[in-house]
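Listed below are the residues making up each chain.
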Amino acid sequence: MIDCDMCVMQHTETCDDCVVSYLVGHAEGTPVVLDFEERRAYELLNEAGLVPSSRFVPRSSAG
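(A) Spatial organisation of the overall build of the protein. When helices and strands are counted, the protein shows two helices and zero strands. Relative to its 63 residues, the protein shows a buried fraction of 16%. In the protein, 70% of the contacts between residues at least 6 apart in sequence involve partners at least 24 apart. Accessible surface, the protein as shown: approximately 4,900 Å² in total, 55% of it carbon and sulfur.

(B) A look at unusual backbone geometry. Notably, His-11 is not glycine yet its phi reads approximately 65°, a positive angle. Among the structural elements, His-11 can be located in the segment before helix H1 (13-16).

(C) Inspection of the pattern of salt bridges at higher detail. Scanning all chains against the criterion turns up two salt bridges. Here Arg-39 ties to Glu-43 by a salt bridge, and the two come within 3.0 Å at their closest N and O atoms. Here the residue Arg-39 and the residue Glu-43 both occupy positions in helix H2 (residues 36-47), the gap between them amounting to four residues, near one helical turn. Since its relative accessible area comes to 26%, Glu-43 is described here as partly exposed. Glu-43 is paired through a salt bridge with Arg-40; the nearest N and O atoms lie 3.6 Å apart. Of this pair, Glu-43 and Arg-40 both sit in helix H2, three residues apart, roughly one helical turn. By relative accessible area, which is 38% here, Arg-40 ends up partly exposed. Salt bridges linked by common partners bring Arg-39, Arg-40 and Glu-43 together as one network.

Rules used throughout
Counting restarts for each chain: residues are numbered from 1 in the order of the written sequence. Where totals are concerned, whole chains, interfaces and linings use all residues; where local detail is concerned, this predicted model gives features only for residues with pLDDT of at least 70, and gives and counts side-chain atom pairs only at 80 or more. The basis for every side-chain value is the complete set of heavy atoms in the structure, and neither hydrogens nor water enter the calculation. For the purposes of this entry, the term helix denotes a DSSP run of H or I that reaches at least four residues, the term strand denotes a run of E that reaches at least two, and both are numbered from the N terminus. Residue exposure (1.4 Å probe, protein chains only): buried if accessible area is under 20% of the type maximum, exposed if over 50%, otherwise partly exposed. Only heavy atoms enter the contact rule, under which two residues are in contact if any of them lie within 4.5 Å. Where accessible areas are quoted, they stem from the Shrake-Rupley method and a 1.4 Å probe; at the residue level, only the protein chains shown are allowed to cover. Any carboxyl oxygen of Asp or Glu that lies within 4 Å of a side-chain nitrogen of Lys or Arg is treated as forming a salt bridge with it.

Have a look at this one:
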């Protein structure tokens, strides 16, 4: 799951080139959850250089 609100890169230049910005139907403020088939398709497209990598870096939990 990729939740932009949980990413340390949110609102940075790195965020601008994250794969989430390329996903069709992604509603701002909602996590992106890929099932197995979607994840595999994404990995193949990424390996071929057709979509950017995820720039998701989770924030450390305070606790």
